[in-house]
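Residues per chain, in single letters:
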There are 2 protein chains.
Amino acid sequence: MRLPSNPLPRIGILGGMGPMASADFVVKLVQATPAKSDQEHFTTTLDSTPQIPDRPSAIEGHGADPLPAMLDVLKHLEAAGCSLLAMPCNTAHYWYQQLSAGTRLPIVHIADAAAAWLREAAPCAKRVGILGTAVTCRLGIYSARLGNEWEWVYPGDEEFARFITPAIVAIKSGDLVTGRALFLEAVNRMAEKGVDAIVLACTEIPLVLKQADVPVPAVDSTEALARQTVAVAQAMYKNQQAASSI
Amino acid sequence: MRLPSNPLPRIGILGGMGPMASADFVVKLVQATPAKSDQEHFTTTLDSTPQIPDRPSAIEGHGADPLPAMLDVLKHLEAAGCSLLAMPCNTAHYWYQQLSAGTRLPIVHIADAAAAWLREAAPCAKRVGILGTAVTCRLGIYSARLGNEWEWVYPGDEEFARFITPAIVAIKSGDLVTGRALFLEAVNRMAEKGVDAIVLACTEIPLVLKQADVPVPAVDSTEALARQTVAVAQAMYKNQQAASSI
């Protein structure tokens, strides 16, 4: 365990789902931190274990269960002295309850992070599109967490088959050009459904699309999670300081 | 410790010096890995501890010794099951011998990585400029490791004071625009010295400069370290496979 003299909370990242999305999260975490020197940044441990079995395959019933591997990573993040955790993978939040039960550390939920962003950047939005894996959408990972504060709009079967699933495969194989072209199509189809905002609810999407590519306010779920993680870490630090001054 | 069934070497990163340079290294490590799916990427643990005391201050005799904190991070990377280590900070290589003596794991040396890049990308280069902290240059971190295979050219006192040191402070405080303008000046001054190639020998520099900004072949020390780390991990994996098939 870390020496107790280290005053700043340590942020733990359950990463590797996928590895580039995790790297993007580390960049966005640094960018989201208000700091004027190295020493003001939070300590961070990234455990990137891309060998965690594929999440959509497991949920669809034809792949190994990723939960044991994810719990193993959590144990390593605890041993590294982490104070809070984040998972830059939307689909992995299907196991959020089991993961939370498997650790004494708080896990920042990606849907909470996206909701905070929506309330701030698109306060009048009512119909919100979720662009993510078929699994994220069909299992209602966002609606189950956030309820009916927004009317959720999902891609149809054709969009998953023709654009979204092949785009994710392309990005994970390093072909960002194909991934971008396919996700642009998926965004246009979603915009035609008359949504007020779109959540880029797969952390592979912000690797190829920016706000300028989306005709309505877009929530980068990776960046939203980074901001929320920094906010939670800052609140922990303040509480810690307040407690130690009593 | 990791289960022995995990066949791929785990890459450990002694990070936080600075945090954005470490994040950039994680991105470049993923980009340097030939992989067609998540599962083909190396497992990686980044320990970003930006509270490691400032390296140049310590070497100049007016700051805390960073070695104990760096050794503490190495212990955590060992406990995380890492097989090899990398430090995306040129100045930190001043302590390379003590760090190597403090761990049973190999540490990829950033100067070896830059040398491999130079031999491949600029095979005819003779005079090579080193653009880094005053400490990296004055202590000859590159020349001590690489000897006289190249004629090393360093910035002068004026360049350190007017451009390089303020540029690094600016980048670490998040002001990339000022950092870039100052480093462009430093590059131009170095190019006027008649060098055949320039090593961007501070991992903050590639955050603001690209090859297109440099009039001679430029070695991005962060990317060079990423490539070399992947090469060493691949070699370890091959040896491991060969040993297990006997």
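Anyway, here's the lowdown on the structure attached to this text. Everything numeric here is computed off the predicted structure, so don't read it as measured data.

How each quantity is defined
- Residues numbered from 1 in each chain as written.
- Chains lettered and ligands numbered in written order.
- Predicted model: local features only at pLDDT ≥ 70, side-chain atom pairs only at ≥ 80, totals over all residues.
- Heavy atoms only, no water.
- Buried < 20%, exposed > 50% of the residue type's maximum accessible area, 1.4 Å probe, protein only.
- Helix = DSSP H or I, 4+ residues; strand = E, 2+ residues; numbered from the N terminus.
- Pairing = 2+ DSSP bridges.
- Contact = heavy atoms within 4.5 Å.
- Buried area = accessible area lost by both parts, 1.4 Å probe.
- Salt bridge = Lys/Arg side-chain N within 4 Å of Asp/Glu carboxyl O.
- Polar contact = N/O pair within 3.5 Å; in protein donor to acceptor, adjacent residues only side chain to side chain.
- Nonpolar A, V, L, I, M, F, W, Y, C, P; charged D, E, K, R; others polar.

Structural notes on the pairing of strand 5 (residues 127-131) of chain A
Residue and element names in this part refer to chain A. Of all 5 residues in strand 5, 4 are buried; the element is thus mostly enclosed. Relative to strand 6 (residues 151-153), strand 5 runs parallel, the two being bridged by 3 bridges. Within strand 6, the residue paired with Arg127 across the bridge is Glu151. Across 4 bridges, the pairing between strand 5 and strand 7 (residues 197-200) is parallel. Within the sheet, the bridge partner assigned to Val128 lies in strand 7 and is Ala197.

Remarks on the interface of chain B and chain A
Residue-level contacts link 41 residues of chain B with 41 residues of chain A. A combined buried area of about 3100 Å² lies between chain B and chain A, and 52% of that area is made up of carbon and sulfur atoms. Counting the contacts that link chain B with chain A gives 6 salt bridges. Residues Lys172 of chain A and Asp38 of chain B are paired through a salt bridge, measuring 2.7 Å at the closest nitrogen-oxygen approach. If you look at where chain B meets chain A, you find 16 residue pairs in polar contact (both at pLDDT 80 or more). Breaking the side of chain B that touches chain A down by element, the ones donating at least two residues are helix 1 (19-31), strand 2 (43-48) and helix 3 (67-79) of chain B. Here the side of chain B that touches chain A gets 7 residues from one element, more than from any other, and that element is helix 1 of chain B. Its residues placed into classes, the side of chain B that touches chain A shows 18 nonpolar, 14 polar and 9 charged.

Everything listed is a geometric property; what it means functionally is a separate question.
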